[in-house]
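Residue strings, one per chain:
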Amino acid sequence: MAQTNQEEESPSPSPLLANLHKQGFLIIPSFLTPTELSTLRNAAANLTALARQGGNWPHIRTVGKQFPPWPSVAPPPEQGGGGIWGVQHLLHPSLPLSATDRAAFIRLYFSPRILAVVHELLQTGDEEDGGEEQLVMELLNMLVRPDKPFSLVWHRDDIPPSASPEEEVSRLTAAQSCRGGGSATAKYNHTQWNLPLFDDASLILVPGSHARARTEQERNADPYEAELPGQIRVDLKAGDMAFYDNDILHRGVYESGRERMTLHGSVSVARAGAGRARNVLQHGVGDWVDRCDFAAVLKEDRENRGLGNDGELGEEDERLVRVAEGMRDRLVRMGRESGDVGFSLSG
Ligand SMILES: O=C(O)CCC(=O)C(=O)O
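Each value, and the rule that gives it
Throughout, residues of each chain are indexed from 1 in the direction in which the sequence is written. The predicted origin of the model limits local features to residues at a pLDDT of at least 70 and limits the giving and counting of side-chain atom pairs to 80 or more, whereas totals for whole chains, interfaces and linings rest on all residues. The basis for every side-chain value is the complete set of non-hydrogen atoms in the structure, without hydrogens or water. Each residue is assigned to one of three classes by its accessible area relative to the maximum for its type, calculated with a 1.4 Å probe on protein chains only: buried under 20%, partly exposed between the two thresholds, exposed over 50%. Under the DSSP-based scheme used, a helix requires at least four consecutive residues in state H or I and a strand at least two consecutive residues in state E, with every element numbered from the N terminus. In this scheme, strands are said to pair when DSSP sees at least two bridges between them. Cavities and pockets were defined on a 1 Å grid built from protein atoms only: a cavity is a group of points that admits a 1.4 Å probe but offers it no way out, a pocket is an open group of points flanked by protein on both sides within 12 Å along at least five of seven lines, and a lining residue is one with an atom within 4 Å of any such point. Grid points are joined across faces, edges and corners, and a volume is the space filled by probe spheres set on the points. Throughout this description, a polar contact denotes any pair of N or O atoms lying within 3.5 Å of each other; where both atoms belong to protein, one of them has to be capable of donating a hydrogen while the other can accept it, and for residues adjacent in sequence the pair is counted only when both atoms sit in side chains. What a helix should span is 1.5 Å times the count of its residues minus one. Contacts are assigned to residue pairs with any non-hydrogen atoms lying within 4.5 Å of each other. One heavy atom within 4 Å of a molecule or strand makes the whole residue count as near it. Residue-level accessible areas treat just the shown protein chains as cover; the underlying method is Shrake-Rupley with a 1.4 Å probe. In this classification, the charged set is Asp, Glu, Lys and Arg, the nonpolar set is Ala, Val, Leu, Ile, Met, Phe, Trp, Tyr, Cys and Pro, and all remaining amino acids, among them Gly, are polar.

Participant: Help me out: how do you make sense of the pairing of strand 11 (residues 261-269) in this one?
Facilitator: As a general feature of sheets, a regular strand has side chains that alternate between the two faces. For strand 11, a buried count of nine out of nine residues is recorded, marking the element as mostly surrounded by other parts of the structure. Here strand 11 shows a buried face lined by M261, L263, G265, V267 and V269 and a second buried face lined by T262, H264, S266 and S268. Alignment of strand 4 (residues 135-144) against strand 11, held across eight bridges, turns out to be antiparallel. Its bridge partner lying in strand 11, N141 is registered against H264. Bridging between strand 6 (residues 190-196) and strand 11 involves seven bridges; their strand directions are antiparallel. Residue pairing across strands places H190 opposite S268, the latter belonging to strand 11.

Participant: Before we go on, may I ask you to explain empty space enclosed by the protein in this structure?
Facilitator: Empty pockets left among the atoms are what a rolling probe the size of a water molecule brings to light. Within the structure shown, the criterion is met by one cavity of 30 Å³ or more. Taken as a whole, the largest cavity spans an internal volume of roughly 370 Å³. Taken together, 32 residues make up the lining of the largest cavity; nearest its centre are R61, H155, D157, Q192 and H264. A per-element tally of the lining of the largest cavity places strand 10 (residues 250-254) first, with four residues.

Participant: Where do I start with unusual backbone geometry in this structure?
Facilitator: Most peptide bonds are trans, and most residues other than glycine sit at a negative phi. Looking along the chain, the bond that leaves P68 and enters P69 is cis, with omega of 5°. Inspection of the secondary structure assignment puts P69 in the loop between strand 2 (60-62) and strand 3 (84-87). Here S30, not a glycine, exhibits a phi torsion of approximately 45°, which is positive. In this structure, S30 sits in the loop between strand 1 (25-28) and helix 2 (34-53). Relative accessible area serves as the criterion here: at 57%, S30 is assigned to the exposed category. The phi dihedral of H89 falls on the positive side, at around 65°, and the residue is not glycine.

Participant: Would you take a moment to explain the side chain of H155 for this structure?
Facilitator: Along the chain, H155 turns up in the loop between strand 5 (150-151) and helix 5 (165-172). Looking at H155, its side chain comes within polar contact range of the main-chain oxygen of V153, at 2.9 Å.

Participant: What am I meant to see in helix 9 (residues 315-338) here?
Facilitator: The periodicity of an α-helix, 3.6 residues per turn, causes residues three or four places apart in sequence to face the same way. Taking 1.5 Å of rise per residue, the 24 residues of helix 9 would be expected to cover 34 Å, and the 35 Å separating its terminal C-alpha atoms lies within 8% of that figure. For helix 9, every residue scored as buried is listed here: D317, L320, V321, A324, G326, M327, R328, R330, L331, V332, M334 and S338. Contacts made by the buried residues of helix 9 are with helix 3 (99-109), helix 4 (112-122), strand 4, strand 11, helix 7 (277-281) and helix 8 (294-304).

Participant: Even after reading the chapter, I still don't get the site of the ligand, so can you show me in this structure?
Facilitator: Looking at the ligand, the residues that line it are R61, L143, L152, H155, D157, N194, L203, H250, Y254, R260 and H264. At 3.0 Å, a side-chain N or O of R260 approaches an oxygen atom of the ligand. Taken by itself the ligand offers 290 Å² of open surface, and the protein chains cover 96% of this. Broken down by class, the residue content of the shell around the ligand amounts to four nonpolar, four polar and three charged.

Right, here's the structure in full:
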């Protein structure tokens, strides 16, 4: 599969954005350094072990259930349970991990390198948008190997399969998706990313389907159809990063015998307003986000690592915390202003 599409001929100043508009996704190979990969693998392995044990972390995705809300306990194998396929809320203030593991997730989600890509994709530097201080914290979850093979139906994250072609187009072109339905001048209001810590080819999607209604064939296909015209498997190596429009037609197919720890995040921009709220708040983030104290976690991590116990953050962490707190506060505001948002999909 073409990775970064260097051959793209779009007049867009950003090849990354041109790819997102044209295909609905893009891949940046080797995004993580080997050290970052190893730090994140440790944190992710600790969290996965806790979540699999049950009783230690109730925010999980249980096998058999595709969409939120998920139960807090996975049914045991003797009752046909297949374990978990995801762990939710890696930025939660009560995540039962060491400060060092929690800091690894915080430093990743708010990393200047990831946010630089996000700024590029969401075009947040424009003056009409009030500059770069506009990003909104959303989700940081992790997708993991189930104990039994499991797969997701074809879906768009925030448009139900019952939508008519007209409804689909209208939702795809609405403010919460991207203005202008994927045209070269449309502005995205959100982006979602997958960052696998082990090689991962579980995500399957139909390039270009983020910008059009489903074809008759797609509409009439079995929800688990193995082969839709044009579909591709997104083949990621550990440390690669894929950004995609979460309303692209996609599904997940998960093997039980292959390790999976794929960090799964999203970020939006304040101009998306209430239009983005359901996507994010249906995961329950609004219940805890105002209690996130990123500075305290990073300080404790620095102390644990002998980097000073004077309660100071270094320059880099100070900058990161400033950005993180701004993004957190904009999510808190979104939660206050949105009321009951319900759920996007059922099943
Ligand atoms: O497993 C994946 O990468 C995709 C997950 C997905 O489609 C979803 O969370 O809606």
